[in-house]
Amino acid sequence: MNIQNYINGAFHNPIQNHWIDNYNPSNGEVYGQIPNSSKEDVENAYQSAKTAFKQWSQTSIEVRSRILIKISELLEANLQRFAEAESKDNGKPISLAKAVDIPRAASNFRFFGNAITQFASESHESIGQAINYTLRQPIGVVGCISPWNLPLYLFTWKIAPAIVAGNCVVAKPSEITPMTAYLLGEICNEAGLPKGVLNIVHGLGGSTGQAIIEHEDIKAISFTGGTATGAHIAKVAAPMFKKLSLELGGKNPNIIFADCDYDDMLETTVRSSFANQGQICLCGSRIFVEASIYEKFKKDFVAKVKALKVGHPSEASTNIGALVSKPHLEKVKEYINIAKAENGTILCGGNEVTVQGYENGYYLEPTVIEVPNDDCRVNQEEIFGPVVTIMPFNTEDEVLQMANKVKYGLSATLWTNNLKRTMQMSNQLQAGIVWVNTWMMRDLRTPFGGVKASGVGREGGFEALRFFTEAKNVCIKY
């Protein structure tokens, strides 16, 4: 099927009639086309948003809240349809899309629909002289650009706080996984979202994305994706004095001490390594294990990984679905070759998988690589696939140095029951998120983001509402 742009509450073909093939990762076949939108399409979306902003920014919080909650309810009512679309577009198991991706997208709308009713500004009284109070006002028209790994999940993570704060949005989902963003337009219309509040333009980053970030009247950019792309966005947008929120790459350490709850750690580590085919920026792709339990961990971990089933995303028994695209599959395979060249040992996996009936799909075995040191490329560069490395460590100082050595700083996972160690290492790990004895346990009220090359700014909770508003101080003398 052909996907269309969603502008001013209606669906439109691209003005220049340029199209991109949309692939199904599970079988390698083209199953539709999407627009490669031009500057003209983005300009139309901007004008629609600009017109809608005059009324939407003055719409009461209660009305905005009710519309977002209605969107969340409609997503839940259409769970199966959206989960099937997400799985087909992305290659992830339909069970994962149904259990995580679509429910989380619905939760994003519900959370921010409720959060805006509790979002308050500050006041400061200079006794006997004056009172200062802060207004939090919507920015105007903002741009939201989301990635392919968690398509609707991360798309809604941006647009929900943007629109509930009173902004209007020009949004671009990934051209690799556009389907659920397209379907969201229908949901928004059914929920009564006014025309022009949300506009969705599809296309490549170099054309459609570029037109959004360089548009002189789009006042803020929220982007999730690769670090190199984030650097390009900053280079273009910063001299234009746009607000920027950049959630970028990760190369996250998973640090395992001998005093952990072993069984819980082992089960969670399999999940944190290979969930969504390892295509989550929060996956713990560098596993450091205390030397005294290293051999036991290696044996048990490899056995569990070998038991994971690679299969078609629609099969209930599938643990590992298809990678998102052929070029991405080739990139991940190249890193496996790099690991071999760097004297890494492939403990399991490393090969493409042929799934019967879907021989042209992009399937890869979950791969565990034992590395001789932390300086190798597979420990320093983001692979973003079903590939993890393991190596032993002896001391806290040693593993802390290795954990912090990479240019990234998104998340870290720490497994220990030593309270003093937990407090010290959580304080010293250079990461925006530290999970202790768990992984991916998210509370939507908490700030989300990284340090170093993992990004700038924070998403989530009131942090997102602060980003999508401008603070204005008013001082009244009395």
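Residues numbered from 1 in each chain as written. Predicted model: local features only at pLDDT ≥ 70, side-chain atom pairs only at ≥ 80, totals over all residues. Heavy atoms only, no water.

## Things to note about the overall build of the protein chain
As a reminder, the rule being used: Elements are defined by DSSP. Helices are runs of H or I of four residues or more, strands are runs of E of two residues or more, and each kind is numbered from the N terminus. For the radius of gyration, the atoms used are the C-alpha atoms, and the globule rule reads 2.2 Å times the number of residues raised to 0.38. Buried means the residue's accessible area, taken with a 1.4 Å probe over protein chains only, is under 20% of the maximum for its type, while exposed means over 50%, and partly exposed covers the values in between. Should any heavy atoms of two residues lie within 4.5 Å, those residues are considered in contact.
In terms of helices and strands, the protein chain carries 15 helices and 22 strands. A compact globule built from 478 residues would reach a C-alpha radius of gyration of about 23 Å, and the protein chain, at 23 Å, matches this within 12%. Across its three principal axes, the protein chain shows a C-alpha extent of roughly 70 × 65 × 40 Å. Per-residue burial for the protein chain yields a buried fraction of 58% across its 478 residues. Counted over contacts in the protein chain with a minimum sequence separation of 6, partners at least 24 positions apart contribute 74%.

## Observations regarding helix α4 (residues 94–115)
The test is simple: For a helix, the expected span equals 1.5 Å multiplied by the number of residues minus one. Bend, in this description, refers to the angle at a residue between axes fitted to the seven residues ending there and the seven starting there.
Taking 1.5 Å per residue as the helical rise, α4 with its 22 residues ought to reach 32 Å, and the 30 Å between its terminal C-alpha atoms agrees with that figure. Helix geometry: α4 is bent most strongly at Arg104, by close to 25 degrees.

## Concerning the nonpolar core
Nonpolar side chains tend to gather and get buried jointly when the protein is soluble and globular. Keep this limit in mind: Here the nonpolar core consists of buried residues drawn from Ala, Val, Leu, Ile, Met, Phe, Trp, Tyr and Cys, with membership extended through side-chain atoms lying within 4.5 Å. Delimitation of the domains relies on an automatic or database domain assignment.
Counting residues in hydrophobic clusters, the biggest one holds 97 residues, and the most contacted among them are Phe112, Leu184 and Leu282. Counting residues domain by domain, this core receives three or more from each of domain 1 (5–248 + 454–477) and domain 2 (253–436). If you look at the next biggest cluster of nonpolar residues, it comprises 29 residues, including Ile338, Tyr362, Val387 and Ala403.

## Looking at unusual backbone geometry
The backbone of Phe241 sits at a positive phi, close to 60 degrees, despite the residue not being glycine. One can find Phe241 in the loop between α8 (227–237) and β11 (243–247). Even without being glycine, Met440 reaches a positive phi, approximately 65 degrees.

## Details of the packing of aromatic side chains
Here is the rule we go by: Ring pairs are drawn from Phe, Tyr and Trp, using the six-membered ring of Trp, whenever the two centres fall within 6.5 Å, and their geometry is named by plane angle: stacked under 30 degrees, edge-to-face over 60, tilted for the rest. Cation placement over rings: the criterion is NZ of Lys or CZ of Arg within 6 Å of the ring centroid and within 35° of the ring normal.
Using the criterion set out here, one finds 11 aromatic pairs in the structure. Ring geometry for Tyr6 against Phe11: centres 5.3 Å apart, planes inclined by 45 degrees, an arrangement best described as tilted. On the basis of relative accessible area, Phe11 is assigned to the partly exposed category, the value being 26%. When the centroid spacing of 4.9 Å and the interplanar angle of 80 degrees are considered together, the rings of Phe467 and Phe468 count as edge-to-face. Judged by its relative accessible area of 11%, Phe467 is buried. On the basis of relative accessibility, which here comes to 3%, the residue Phe468 falls in the buried class. Following the ring pairs from residue to residue traces out a cluster consisting of Tyr6, Phe11 and Tyr182. When the ring centre of Trp157 is taken as reference, the NZ or CZ atom of Arg104 above it lies at 4.6 Å. Against the face of Phe257 rests Arg421, its NZ or CZ located 3.9 Å from the ring centre.

## Regarding the domain arrangement of the protein chain
Inclusion rule: Once two parts are brought into contact, the accessible area they lose, counted with a 1.4 Å probe and summed over both, makes up the buried area. The term salt bridge refers to a pairing of a side-chain nitrogen on Lys or Arg with a carboxyl oxygen on Asp or Glu at a separation within 4 Å. Within 3.5 Å is the distance limit for a polar contact, defined as a pair of N or O atoms, with the added protein rule that one can donate a hydrogen and the other accept it, and that residues adjacent in sequence qualify only through two side-chain atoms. For this classification, Asp, Glu, Lys and Arg are treated as charged, while Ala, Val, Leu, Ile, Met, Phe, Trp, Tyr, Cys and Pro are nonpolar and the rest, including Gly, are polar.
According to the domain assignment, the protein chain contains domain 1 (5–248 + 454–477) and domain 2 (253–436). Centre-to-centre separation of domain 1 and domain 2, based on C-alpha positions: 31 Å. Facing 22 residues of domain 1, the contacting portion of domain 2 comprises 25 residues. For the domain 1 and domain 2 pair, buried surface summed over both sides reaches about 1,900 Å², with 58% attributable to carbon and sulfur atoms. The largest contributions to the domain 1 side of the interface with domain 2 come from Ser26, Trp148 and Ser454, which together make up 27% of the buried area. Inspection of the region where domain 1 meets domain 2 yields zero salt bridges. Where domain 1 meets domain 2, there are 10 residue pairs in polar contact (both at pLDDT 80 or more). Of the residues belonging to the side of domain 1 that touches domain 2, the class tally is nine nonpolar, 10 polar and three charged.

## Considering the packing of helix α2 (residues 61–77) against helix α6 (residues 179–191)
Applicable threshold: Under this scheme, a helix contributes an axis fitted over its contacting stretch, all axes are lines through C-alpha atoms, and angles between N-to-C directions fall in the 0 to 180 degree range. Note on terminology: angles under 35 degrees are roughly parallel, angles over 145 are roughly antiparallel, angles of 65 to 115 are roughly perpendicular, and the others are oblique. In this scheme, a crossing is called left-handed if the near helix is turned counterclockwise away from the far one by less than a right angle; it is called right-handed if the turn is clockwise.
Look at α2 against α6: their axes get within 9 Å of each other, and the N-to-C directions meet at 130 degrees. Put simply, α2 runs oblique to α6. Taken as a pair, α2 and α6 cross one another with a handedness that is right-handed. Residues Ile67, Lys70, Ile71, Leu74 and Leu75 of α2 touch α6, and the partners they reach there are Leu184, Ile187, Cys188, Glu190 and Ala191.

## Notes on the UniProt feature "domain: Aldehyde dehydrogenase" (unreviewed entry) in the protein chain
Quick note on the threshold: UniProt positions are given in the numbering used here, feature names are shortened, and annotations may be inferred rather than shown by experiment.
The sites that UniProt annotates as "domain: Aldehyde dehydrogenase" (unreviewed entry) are residues 18–474. Along residues 18–474, the helical share is 42% and the strand share 21%, with 49 Å between the first and last C-alpha atoms.

## Concerning helix α10 (residues 291–306)
Taking 1.5 Å as the rise per residue, α10 with 16 residues should run 22 Å; its terminal C-alpha atoms sit 23 Å apart, in good agreement. At Phe297, α10 shows its maximal bend, which comes to roughly 35 degrees. Along α10, the residues classified as buried are Ile293, Tyr294, Phe297, Lys298, Phe301, Val302 and Val305. Tucked into the core, α10 has its buried residues touching β12 (253–256), α9 (262–274), β13 (286–290), β14 (345–348), β15 (367–370) and β16 (387–393).

## Re the environment of Glu459
Relative to the assigned elements, Glu459 resides in the loop between β21 (455–456) and α15 (461–467). Accessibility expressed as a relative area gives 5% for Glu459, which makes it buried. Once the C-alpha coordinates of Glu459 and Ala171 are considered, the two residues, 288 residues apart in sequence, prove to be 16 Å apart.

## Things to note about the pairing of strand β19 (residues 433–436)
Condition: In this scheme, strands are said to pair when DSSP sees at least two bridges between them. By convention a crossover is right-handed if, when the strands point away from the viewer, the path from the first strand over the helix to the second runs clockwise.
Only one face of β19 is covered, namely the one carrying Ile433 and Trp435; the face carrying Val434 and Val436 has none of its residues buried. Sheet topology places strand β18 (residues 411–415) next to β19; four bridges connect them, and they run parallel. Each bridged residue has a counterpart across the sheet, and for Leu414 the counterpart in β19 is Val436. With helix α14 (residues 419–428) bridging β18 and its parallel neighbour β19, the resulting β-α-β unit is right-handed.

## Regarding the sheet that holds β16
On the basis of which strands lie adjacent, the open sheet formed by seven strands has the order β14-β15-β16-β13-β12-β18-β19 and mixed pairing. For this open sheet the edge positions go to β14 and β19, each flanked by a neighbour on one side alone. Ignoring strand direction, the axes of neighbouring strands in this sheet form an average angle of 25 degrees. Judged from the three bridges that link them, β12 and β18 form a sheet pairing that is parallel.

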